[in-house]
Amino acid sequence: MSIPPGSPDISRQPGTDIADSPPSLTDRLMPARVTTETSWIGHMPFALWLMPVARPEQLVELGTYTGNSYFAFCQGIQQNRLHTRCCAVDTWRGDRHAGFYGNDVFTEVNRYNNAHYSHFSHLMRMTFDNAAPLFADGSIDILHIDGLHTYEAVRHDVETWLPKLSERGILLLHDIGVTGHDFGVWKLWGELTERYPHFSFDHCNGLGVALVGNRQPEILLKTAAREKRHSGVCHLKQMVSSLGKAFELEHAPDDGNPEQRALRISMLRHAALAAGLVLGYRNGETERPAPPGTQQQLASLEREAAQQRKTIEHLQHRIGSLEQEKAELTSRLARLKRSSSWKMTKPIRKWSKSVRKRSRKLRRWALKQSPSEHNHSPYQEWLRLYDKPAAHRSSGQDGDTRQPVNQPLISVIMPVYNPPITFLEEAIRSVLGQSYSNWELCIADDNSPDGDVQKLIELYAERDSRIRPVFRPDNGHISEASNSALDQARGEFIALFDHDDLLHPHALAEIAREIRQYPDAGIIYSDEDKIDEQGARHSPYFKPDFNYELFLCQNMISHLGAYRTSLVRSIGGFRKGLEGSQDWDLALRAAERLSPDRIRHIPKVLYHWRCHDNSTATGTQAKPYTRRAALKAVQEHLDRRGIQATAEESPGNKDFNRIRYHIDRNPPSVEIIILTRDKPELLEPCVASIRRQTTYPDYRITIVDNGSVEPETLRLLEDWQQDACIRVLRDDSPFNYSRLNNRAASASTADYLCLMNNDIEVISPDWLEEMVSHAVQKGVGAVGSRLWYPDGTLQHAGVVMGPGGVAAHVHHGIAQDNPGYFGRAILQQNFTALTGACLLVAKKLYLKAGGLNEEHLTVAFNDIDFCLKLHSMGLRNVWTPYAEFYHHESASRGQDDTPEKQRRFQSETIFMQQNWPRIIERDPAYNPNLSVETADFSLAWPPRTS
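The rules we used
Along each chain, residues carry numbers from 1 onward, in the same order as the chain's sequence is written. Totals for whole chains, interfaces and linings use all residues, but because this is a predicted model, local features are given only for residues with pLDDT of at least 70 and pairs of side-chain atoms are given and counted only at 80 or more. Side-chain measures here rest on the full set of heavy atoms in the structure, leaving out hydrogens and waters. Under the DSSP-based scheme used, a helix requires at least four consecutive residues in state H or I and a strand at least two consecutive residues in state E, with every element numbered from the N terminus. Each residue is assigned to one of three classes by its accessible area relative to the maximum for its type, calculated with a 1.4 Å probe on protein chains only: buried under 20%, partly exposed between the two thresholds, exposed over 50%. A contact between two residues is defined here by any heavy atoms of the two lying within 4.5 Å. Think of it as the arc spanned by the lines of direction from the helix axis to the C-beta atoms. Axis geometry follows a simple rule: fit a line to the C-alpha atoms, using only the stretch in contact for helices, then measure angles between N-to-C directions, giving values from 0 to 180 degrees. Should an angle fall under 35 degrees it is taken as roughly parallel, and over 145 as roughly antiparallel, whereas 65 to 115 is taken as roughly perpendicular and any remaining angle as oblique. Crossings are classed by handedness, with left-handed meaning an anticlockwise turn of the near helix from the far one by less than a right angle and right-handed meaning a clockwise turn. Polar here means any residue other than Ala, Val, Leu, Ile, Met, Phe, Trp, Tyr, Cys and Pro, which are nonpolar, and Asp, Glu, Lys and Arg, which are charged; Gly is therefore polar. Whether two aromatic rings pair depends on their centres lying within 6.5 Å, for rings of Phe, Tyr and Trp, where Trp uses its six-membered ring; planes under 30 degrees apart make the pair stacked, over 60 edge-to-face, and the rest tilted. A ring is scored as having a charge over it whenever the NZ atom of a lysine or the CZ atom of an arginine sits within 6 Å of its centre and within 35 degrees of its normal. Put simply, a salt bridge is a Lys or Arg side-chain nitrogen that is within 4 Å of an Asp or Glu carboxyl oxygen.

- An unreviewed UniProt entry annotates the chain as Glycosyltransferase of Prosthecochloris ethylica.

This is the structure we're talking about:
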């Protein structure tokens, strides 16, 4: 095996016996380090116990994450002064089971390892498959596998690494007790138990111990034999599992019963100590009769445990008494509320409530006097510079002497239910303060229990006849209240407005101008920001133009949304049963009646979403029913359109959706085209990862060899010729990326083509299912994937036009735990362009668009140009984060660092600027208020709006 440079030459020497002056059992088996990741902590005492028993010469862990298990092994090795070489193998990027995370996890693991165990422990940041060749067969004594937990993945890992185990080899598998989702360790464990002596632990998701080698410590063999016979008490398992459960309970969330918790922990520790005494833990590694005095100690422990059981019974009895007392008090309260004295004191209680309400008003006034945390943000400076009345003078407001003849009536729809009075008043005043005058405010109060709500609405209705209220006799929730307001509407368009939010002073003027410019529009929406209780604006969401795939994942229309009134009435208004996402449901049903060009976007912030405790502006946790309604609304939209797909919560953020499209049992064929010239160290992992990981049934790999000469490359290509799934085409013509791909595409007989770089490695086994499931949808052009650099930072999550003079990757370089700008780094969506490093498209569309440009774009921008051609044909290019790869960018071709390459790149840049000037200036997947100096969704100084 190869160990990283600088590793010490550790000689194999016998370990030190642990019997000398032993500390207590609790101290010996207590881990020194525990992180917040708790799924392994209950097995850490076993890890510490196992080290002096097995005395491994080499220990390898596959899948280390935060290091709970690995550092328990290391601690056991160090405290017993063993001469063991330890290796932790992990990419430290995460997977769909552990979750994806940033570089900070590895940084902390590396720091702790360097501080405590670096003289015998080595962190190997690579994939399991890349690490396997570094270890000789028969060299590993303990192998712990805790990587991706699907059956296919763990089976592959076990089959790859099992030959590495020595004649003393022990295999540990975690999560053998988890059967939900797509976990499959339990299934493989069942197969392994038919082949090897074994035993297991049930707590903390289960840990399986397989004795693979034929030379094992006697105590492990006896434990395995006892488990096979299902006979007698296993003191080893009782000891470490009791201690592990106690440790797990210590780190579990507070359950509100600290006394019972402490007693339970104490009993578990005593049970562990008793089992350890019988086991003869302090006197060697094999099970033997208990030493003198053990029986007396056990008897004492039993007496103490019996006393603690009595205490628990007493506490449980006390809980029962308290529950009975609670029921009696509840009954007495009900009788009191029915009494005449309760009714007589109602005016006093009402006065007290009024006092409390005034106190809350005073508190909100005080908050407004205090400075907001957002007052000195860059956005505040941006607003000062660019959010000025001059920006709206052409909107047709009352102050403009050149008012247009057509001033459409806009009905503002406001359902109301018991808002804070000050917020409601500010909302109404923001409508009264509009620069555009031809509006009406249709308010529907949904039987608010606070009488001041109706009084305030009536007061303002008396002052301005454009305010048209209706007071519902019964509470019907927001959909019915919205329909009551809709019944009052007489305008050509309605605009949706919540009772505690604010409109920008020129919001309706901008809507009116858009109606005049695009008289066929059916939906008009704007950008939005949030406003805190002190009135400071923050968190602007500068949205893309209508983006169908993103719209299914988040309600990007939302605020400010305006709809043609006749369209809304034709689809039945707001639907009951979708409360909390009734506006998203309305937008989905309205969009079904419109072509995309009739859904208009105004790239200006016209709506201020109020942040307070009962608002969903900061997340759906304030109103959890909104998520259920959102999934229902999107799912029913898919069903109505006949799209075979399921709406699910996004694994990256529960406030968003993922759409999982279904594909036929006999899916279309795919040809994966890979261009290469030597670089076998990149090509081999690329092809191997496709063949090993890909679960899609009908694909073929075509490798276009553009002049390879290295013997290792030629050997690989010759070997792959024996694989029926791989073909190799030799083309020694001068390198022209576009021409080489076009030739392979023209010769293909597949339904779909996947262009792929030779420096790609598969992460997601179902990557091809995911990409194909999008590509087969009506109106879709190309489909792109999420690419990560080997260091765990983002390489590709879509391309926007403009940055760098032509285009750039958005969210470039962010960490894996960063959702990006309003979730756009983790959500399916449309982009005008995608990288060709991994790009899927129907062959017929590839040919219809003319393929890649062989004449003007031989190396750079040919993928961007191709996507723009698809976009100009009216097709949607889709990016999905659920097809993931590692990408060693340009590792094969190299950088544009010679004068010749730089001249070629300049020529290709000029070609793109001359052929796509409008979309470079204004990318519909981006926003003119966002910077084109970078593609990181930062503010543009100044914005590129008219």
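On we go.
1. Quick notes on the overall build of the chain
Phase 1: On a plain count of helices and strands, the chain comes out with 30 helices and 32 strands.
Phase 2: Of all 946 residues assigned to the chain, the portion counted as buried reaches 55%.
Phase 3: Expressed as a percentage of contacts within the chain between residues at least 6 apart in sequence, the contacts between residues at least 24 apart total 77%.

2. Thoughts on helix H14 (residues 378-386)
Phase 1: Residues Tyr 379, Trp 382 and Leu 383 constitute the buried set of H14. Down the axis of H14, the buried side of the element spans an arc of 100 degrees, and every buried residue falls inside it. Facing away from the buried side of H14 by over 90 degrees, the exposed positions are Pro 378 and Arg 384.
Phase 2: In this structure, the buried residues of H14 make contact with strand E15 (523-531), strand E16 (537-541) and strand E18 (599-610).

3. Section: the packing of helix H15 (residues 421-432) against helix H16 (residues 451-463)
Phase 1: Running from amino to carboxyl end, H15 crosses H16 at an angle of 20 degrees, the nearest separation of the two axes being 10 Å. By the angle between their axes, H15 is roughly parallel relative to H16. As for how H15 packs across H16, the hand of that crossing is right-handed. Note on element contacts: H16 touches H15 through Asp 452, Val 453, Leu 456, Ile 457 and Tyr 460, opposite Ile 421, Leu 424, Glu 425, Ile 428, Arg 429 and Leu 432.
Phase 2: By residue class, the composition of the contact of H15 with H16 is eight nonpolar, no polar and three charged.

4. Some details on the packing of aromatic side chains
Phase 1: With the rule as written, the count across this model stands at 25 aromatic pairs.
Phase 2: Between Tyr 926 and Phe 937, the aromatic rings sit 5.4 Å apart at their centres with planes inclined by 65 degrees, giving edge-to-face as the arrangement. Here Tyr 926 is found in the segment after helix H30 (917-921), whereas its partner Phe 937 is found in the segment after H30, with 11 residues between them in sequence. Summarising the burial analysis for this pair, Tyr 926 and Phe 937 share the class buried.
Phase 3: Through a chain of ring-to-ring contacts, the aromatic side chains of Tyr 70, Phe 71, Tyr 112, Tyr 117 and Phe 120 assemble into a single cluster.
Phase 4: The side chain of Arg 125 reaches across the aromatic face of Phe 106, ending 4.4 Å from its centre.
Phase 5: Across from the ring centre of Tyr 460, 5.1 Å away, lies the NZ or CZ of Arg 463, which sits over that ring.

5. Considerations on the pattern of salt bridges
Phase 1: Under the criterion given, the structure shown has 42 salt bridges.
Phase 2: Its salt-bridge partner being Arg 564, residue Glu 492 comes within 3.2 Å of it at the nearest N-O pair. Placement of Glu 492 in the loop between helix H17 (477-488) and strand E13 (493-496) and of Arg 564 in strand E17 (residues 561-564) is noted, with a sequence separation of 72 residues between them.
Phase 3: Residue classification places Glu 492 among the partly exposed positions, given a relative accessible area of 32%.
Phase 4: The shortest N-O distance in the salt bridge between Arg 727 and Glu 671 comes to 3.1 Å. Of the two residues, Arg 727 is situated in strand E23 (residues 726-730) and Glu 671 in strand E21 (residues 670-676); the sequence distance between them amounts to 56 residues.
Phase 5: One network of salt bridges, with partners in common, ties together Asp 446, Arg 472, Glu 480 and Lys 576.

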